[in-house]
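Architecture at a glance
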Amino acid sequence: MPSSQPTDARGLALTGIDASAIDTYEALITDSYYYRLGVQDRLDSFLLEQPAFGLGHVFKGYSLMTDGVLASHGKAAMHLETAEALPATPRERLHQEALRAWLDQDPQARGLAWEQILAEWPLDLLAFRQHTGTLFWMGNKQHQAMVAASVASRWESDDIPGHALFLSAYSFAMEEVGHYAEAERAAKKALESQPQDLWAIHALAHVLEMQVRRKEGIALLEHSAAFLNDYNLFRGHLWWHLAMFKYAEGAFDEILELLDREIYPGTSSFYLDIQNAASMLIRLEVQGVSVGTERWERLAQASLQTAAQNTIWFTTLHHVLSLQRSGRDSAVNEALAYAEAQADSGSEQALLAAWISEAAVAYSRGESQLALDSLLTLRQDFGLLGASHVQQDIYQQIMISAAMQIDDWPRVRQLLKERKAVRIWDPASLEQFKVLARQIDEFRTIEQVNAELRQ
Ligand SMILES: [Fe+2]
């Protein structure tokens, strides 16, 4: 590398950027992973000022791909083509390979490119955050944790720029495989550097949720409420987590108020907003709460725009429920046809999403036996659509609700126990599980089941 070649804050060579612009680039990376508002507009302006900075174009491409809709792919491809025509280091070329594979819907090649980067340049924050983030939506929790653990020894010093941004993603990766103490330690350490790091707060909220530390969860998120709305749309997911803790308390009116004020106030088509709102409405309905038609209608307006171009397959179930609940059968069929077409093009996730979504539509139409039978055959594969353990609970909610509707009590009790088994992480939680399982064996009423479903 020529001695004059600029480097990022972690000493990794950059091509085509003025040395004077590196601080701006670092701020864009940092602010992006801190979910600050306006980063994409700033990045667009930055690329106009630094048009020969290939990695900057790839970063923009990554950002567009994380929109989760096909409509963003054309623009991402343009940025990639710009980058590919520019000089680049081998590391920067690997980033281009990853983005190319993403556009080609080849997640394995995408992951291999990022892993090759991390093997040689473990401090490549962009590769680490993108790789772990996409593994999450591919349902590869173990792989996500392996990637995080395999670079951790190289990130031990607090002095490494971006150290906290490593820690928050490491924390969430550890949480999703049940290493709660390590996840909590890392999240709290990240929050020492940046108390408003939404991803670290999120990882900690998951630990508290999985360990049933409800009061601490509510305290954490109510404290965060003071600044959440200074951040981008990811904030809605933290509001959702607060609502999930409230759900456990049966505070349904408060949840509806949170839903209309913070979680889904308009008609956002952002995939996470749709997941948050639809899954909460279904949970409330399972509890017997009347949520009205207006909320489903707003969600349906968004689903009409994005259901047939969605690329994050856990969302499909939420799209079709919104469309079915608002009486749009033809749009449901279009969303399912889109998923099936993507499956025909080789996406295993799309095929699974289509099957699960068909079953969810059957549930929504009151065809409970059909819905339950379908979901029972698919349930070992639910995790392949990604999402957290807490988000994936929507499948159990629907199955248990369907089993209750057909008075299949042995199945209700079995599914309730199965649902709790993911929360065993140490000898003490195993003992708690055994006690709870004996209690569930005695469940005979809807009230008992509903109370358990809130937990
Ligand atoms: Fe979450």
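Given the structure is predicted, the values throughout are model-derived calculations rather than measurements.

Across its full length, the protein carries 24 helices and zero strands. For 455 residues, the compact-globule formula gives about 23 Å, and the C-alpha radius of gyration of the protein, at 22 Å, lands near that figure. When the backbone C-alpha atoms are referred to their principal axes, the protein occupies close to 75 × 50 × 35 Å. Per-residue burial over the protein gives 47% buried out of 455 residues. Here the analysis covers contacts within the protein between residues at least 6 apart in sequence; of these, 58% occur between residues at least 24 apart.

On to the domain arrangement of the protein, then. Interface size, as often reported, equals the accessible area lost upon joining of the parts. Its domain assignment divides the protein into domain 1 (1–137) and domain 2 (139–228). The gap between the C-alpha centroids of domain 1 and domain 2 is 23 Å. Listed by partner, the interface residues are 16 residues for domain 1 and 18 residues for domain 2. Listing elements by their share of the side of domain 1 that touches domain 2, those giving two or more residues are helix H1 (22–33) and helix H7 (125–137). Counting residues per element, the side of domain 1 that touches domain 2 draws most heavily on H7, which supplies seven residues. Considered class by class, the residues forming the side of domain 1 that touches domain 2 number eleven nonpolar, three polar and two charged.

Considering soluble globular proteins, one finds that nonpolar side chains tend to be buried as a cluster. In this structure, Ala243 and Ala335 are the most contacted members of the largest nonpolar core, which totals 139 residues. Looking at which domains feed residues into this core, each of domain 1 (1–137) and domain 2 (139–228) supplies at least three.

What follows concerns helix H16 (residues 294–306). An ideal rise of 1.5 Å per residue puts 18 Å on 13 residues; H16 measures up with 19 Å between its terminal C-alpha atoms. All of the buried residues in H16 are Arg295, Trp296, Leu299, Ala300, Ala302, Ser303 and Thr306. For H16, the arc enclosing every buried residue in end-on projection is 165 degrees, short of the 170-degree limit, so these residues lie on one face. At its buried positions, H16 is contacted by helix H14 (252–263), helix H15 (271–286) and helix H17 (314–325).

Its place among the elements puts Arg235 in helix H13 (residues 235–248). The spacing of Arg235 and Gly383 is 148 residues in sequence and 24 Å in space, taken between C-alpha atoms.

Quick look at unusual backbone geometry now. Although it is not a glycine, Val212 sits at a positive phi angle of roughly 55 degrees. Along the polypeptide, Val212 turns up in the loop between helix H11 (198–210) and helix H12 (214–228). A positive phi is found at Asp407, a non-glycine position, where the angle reads about 55 degrees. Tracing the backbone through its elements, the reader meets Asp407 in the loop between helix H21 (389–405) and helix H22 (409–421).

On to the packing of H13 against H14. Contact geometry for H13 and H14: axes closest at 10 Å, N-to-C directions at 180 degrees. Overall, the two elements H13 and H14 adopt an arrangement that is roughly antiparallel. Of the residues in H14, those touching H13 at Gly236, Trp239, Trp240, Leu242, Ala243, Lys246 and Tyr247 are Glu254, Ile255, Leu258, Leu259, Glu262 and Ile263. Each residue belonging to the contact of H13 with H14 can be placed in one class, and the counts come to nine nonpolar, one polar and three charged.

Compared with the 24 Å implied by 1.5 Å per residue over 17 residues, the 25 Å span of H21 between its first and last C-alpha is a close match. Turning to H21, its buried residues number three or more, namely Ile394, Tyr395, Ile398, Met399, Ile400, Ser401, Ala402, Ala403 and Met404.

Inspection of the secondary structure assignment puts Arg413 in helix H22. For the pair Arg413 and Thr82, spaced 331 residues apart in sequence, the C-alpha separation works out to 57 Å. Beyond its immediate sequence surroundings of up to four residues, Arg413 is in contact with Ile440, Asp441 and Phe443.

Parameters and conventions
- Residues numbered from 1 in each chain as written.
- Predicted model: local features only at pLDDT ≥ 70, side-chain atom pairs only at ≥ 80, totals over all residues.
- Helix = DSSP H or I, 4+ residues; strand = E, 2+ residues; numbered from the N terminus.
- Rg over C-alpha atoms; globule rule 2.2 N^0.38 Å.
- Buried ≥ 20, exposed ≤ 12 C-beta atoms within 10 Å, placed from the backbone.
- Contact = placed C-beta atoms within 7 Å.
- Domains from an automatic or database assignment.
- Nonpolar A, V, L, I, M, F, W, Y, C, P; charged D, E, K, R; others polar.
- Core = buried A, V, L, I, M, F, W, Y, C linked by C-beta atoms within 7 Å.
- Expected span 1.5 Å × (residues − 1).
- Arc of directions from axis to C-beta.
- Axes fitted to C-alpha atoms, helices over the stretch in contact; angles between N-to-C directions.
- Parallel < 35°, antiparallel > 145°, perpendicular 65-115°, else oblique.

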